Amino acid sequence: MPDDAQRKAVVLEYFERVNAGDIDGLMKLFSPDAVIADPVGIPLVSGEEGLRAYFHRLVHDFGTKDVPGVPTGAQDERSVAIPLTATINNPQGPAGSRLSVNVVSTFEVGRDGTIEAMHAYWGATDVTPVAG
């Protein structure tokens, strides 16, 4: 069972791989049965095909760059919560425009050290245009 420090390291590695555009590396961090809710409230993403499509959108369509905060562990020996700011391409704006999204994500890390669930909490009021 990964300890608290190891679980936090897995979560931080997730953000490193997102920022590097490493879809194959992201896939290796997740268990085959993992689920993603981004944002919480929409249908879950699951399965290898679903996860790969999610990561493709995250990296290529949205050009996501994440700035994670300090991860916080939980007493359940599985969960990590982390605040972050994601900067993404504006899907409804002019080409080249970007948005900043304030997010709190939770991760569940399994006994084998892979991510079994990720839930991203953000809403419309957490999204602002990036000046520039």
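The rules behind these values
For every chain, the first residue of its written sequence is number 1, and the numbers climb from 1 along that sequence. Whole-chain, interface and lining totals are the exception, using all residues; otherwise, since this is a predicted model, local features are given only for residues with pLDDT of at least 70 and side-chain atom pairs are given and counted only at 80 or more. As a rule here, side-chain values come from all non-hydrogen atoms in the structure, and water together with hydrogens is ignored. Under the scheme used here, helices are H or I runs from DSSP no shorter than 4 residues and strands are E runs no shorter than 2 residues, and both carry numbers assigned from the N terminus. Expected span, for any helix, means 1.5 Å times one less than how many residues it has. Relative accessibility under 20% of the residue-type maximum defines a buried residue, over 50% an exposed one, and the middle range a partly exposed one, all with a 1.4 Å probe and only protein chains included. Arc definition: directions from the helix axis to the C-beta atoms. Within 3.5 Å is the distance limit for a polar contact, defined as a pair of N or O atoms, with the added protein rule that one can donate a hydrogen and the other accept it, and that residues adjacent in sequence qualify only through two side-chain atoms. Nonpolar side chains (Val, Leu, Ile, Met, Phe, Trp, Tyr) within 5 Å and like charges within 9 Å form the patches, drawn only from residues with over 30% relative accessible area and no salt bridge. A 1.4 Å probe and the Shrake-Rupley method give the accessible areas. Residues count as covered only by the protein chains that appear here. Only one rule defines a salt bridge in this text: a Lys or Arg side-chain nitrogen within 4 Å of an Asp or Glu carboxyl oxygen. The pairing criterion is simple: DSSP has to find at least two bridges between the two strands. Only Phe, Tyr and Trp rings are paired, with Trp represented by its six-membered ring, and only when their centres lie within 6.5 Å; those with planes under 30 degrees apart are stacked, over 60 edge-to-face, the remainder tilted. Cavity and pocket criteria rest on a 1 Å grid covering protein atoms alone: a 1.4 Å probe that fits but cannot get out defines a cavity, protein on both sides within 12 Å along at least 5 of 7 lines defines an open pocket, and an atom within 4 Å of a point defines a lining residue. Grid points are joined across faces, edges and corners, and a volume is the space filled by probe spheres set on the points. Only Asp, Glu, Lys and Arg are considered charged in this grouping, and only Ala, Val, Leu, Ile, Met, Phe, Trp, Tyr, Cys and Pro are considered nonpolar; every other residue, Gly among them, is considered polar.

With that settled, consider helix H1 (residues 4-20). With 17 residues, H1 extends 25 Å from end C-alpha to end C-alpha; this agrees with the ideal 24 Å at 1.5 Å per step. Taken as a whole, H1 has its buried residues at Arg7, Val10, Val11, Tyr14, Phe15 and Val18. Here the buried residues of H1 occupy an arc of 135° about the axis, which is enough to place them on one side. The exposed residues of H1 that point more than 90 degrees off its buried face are Ala5, Glu16 and Ala20. Regarding H1, its N-cap is Asp3, as a side-chain oxygen of that residue lies 3.1 Å from the backbone nitrogen of Ala5 further along. Gly21 sits one or two positions beyond H1 and adopts a positive phi of about 70°.

A grouping of Val40, Val104 and Tyr121 is seen on the molecular surface, where their side chains present a nonpolar patch of about 250 Å² in accessible area. Overall, Val40 belongs to the partly exposed group, its relative accessible area being 38%.

Going through the model one piece at a time under the given rule, you end up with seven salt bridges. Notably, a salt bridge pairs Lys8 with Asp4, separated by 3.5 Å at the nearest N-O pair. Linking Lys8 with Asp4, this pair stays in helix H1, spanning four residues, or about one helical turn. With a closest N to O distance of 2.7 Å, Arg78 and Glu116 form a salt bridge. In this pair, Arg78 is assigned in the loop between strand S4 (72-73) and strand S5 (79-89) and Glu116 in strand S7 (residues 115-121), connecting sequence segments 38 residues apart. For Arg78, a relative accessible area of 25% translates into the label partly exposed. Classification of Glu116 as partly exposed rests on a relative accessible area of 28%. Where salt bridges share partners, they join Asp4, Arg7 and Lys8 into one cluster.

Across four bridges, the pairing between strand S1 (residues 30-37) and S7 is parallel. Of the residues in S7, the one forming a bridge with Ala37 is His119. By the bridge criterion, two bridges tie S1 to strand S2 (residues 45-46) in an arrangement that is antiparallel. The partner of Ile36 across the bridge, within S2, is Val45.

Taken as a whole and assessed by the stated rule, the structure comprises six aromatic pairs. Pairing Phe15 with Phe107 gives two aromatic rings, centres 6.0 Å apart and planes at 80°, and the pair type is edge-to-face. Here Phe107 lies in strand S6 (residues 98-109) and Phe15 lies in helix H1, a separation of 92 residues in the sequence. Put simply, the rings of Tyr14, Phe15, Phe30, Tyr54, Phe55 and Phe107 pair up and form one aromatic cluster.

What follows deals with the layout of surface pockets. Size it by volume and the largest pocket reaches roughly 520 Å³. Listing elements by their share of the lining of the largest pocket, those giving two or more residues are H1, helix H3 (47-61), S5, S6 and S7. Here the lining of the largest pocket gets four residues from one element, more than from any other, and that element is S6. For the lining of the largest pocket, a count of residues per class yields 19 nonpolar, two polar and three charged.

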